[in-house]
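# Descriptive analysis of the structure
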Amino acid sequence: MRRLIRNVAKALGVSTDYHVAGTWSGGTIDMTVTIKPWLHADNFKELRDFVADELKHQALGVKPNIVNITRLGP
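In what follows, the accompanying structure is described. In this text the structure is predicted, and so the values were computed from the model without any measurement. (Residues numbered from 1 in each chain as written. Predicted model: local features only at pLDDT ≥ 70, side-chain atom pairs only at ≥ 80, totals over all residues. Heavy atoms only, no water.)

### Points about the sheet that holds strand E3 (residues 65-71)
Neighbouring strands of a sheet are bound in pairs by backbone hydrogen bonds; such pairs are parallel or else antiparallel. Spelled out, the test is: For two strands to pair, DSSP has to find at least two bridges joining them. Think of it this way: any DSSP run of H or I at least four residues long counts as a helix, any run of E at least two long counts as a strand, and we number them from the N terminus. Orientation is described by axes fitted as lines to C-alpha atoms, over the contacting stretch for helices, and by angles from 0 to 180 degrees between their N-to-C directions.
Spatial ordering of the open sheet is given by E2-E1-E3, a layout of three strands whose pairing is antiparallel. The open sheet terminates on both sides in strands that have one partner only, identified here as strand E2 (27-35) and E3. Neighbour-to-neighbour, the strand axes of this sheet turn through a mean angle of 20 degrees, independent of strand direction. Here strand E1 (residues 16-24) pairs with E2 via nine bridges, running antiparallel. In the strand pairing of E2, Trp24 is matched with Gly27.

What follows is the structure in structure tokens.
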């Protein structure tokens, strides 16, 4: 049932913004990410992979440790 609700919300264009902070061997990473429709256990791996891909532009082959995820907005 929850998956059905997420699929309907995604089809309607619902999105949620999150602030993601993490650490890696060279310092910290701080970004805002938009996820459709919202963060849940099924798409957390996609979020982690997205953060790692963004970090590759700064340092090759480094995996970040996400230490904080905060939902933005009401």
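### Details of the pairing of E1
Turn length for the E1-E2 hairpin, with the two strands adjacent in sequence and antiparallel, is two residues. Here six bridges tie E1 to E3, and the two strands are oriented antiparallel to one another. Considered in E3, the bridge of Ala21 is made with Asn68.

Fair warning: the whole summary comes from geometry, so function is off the table for now.
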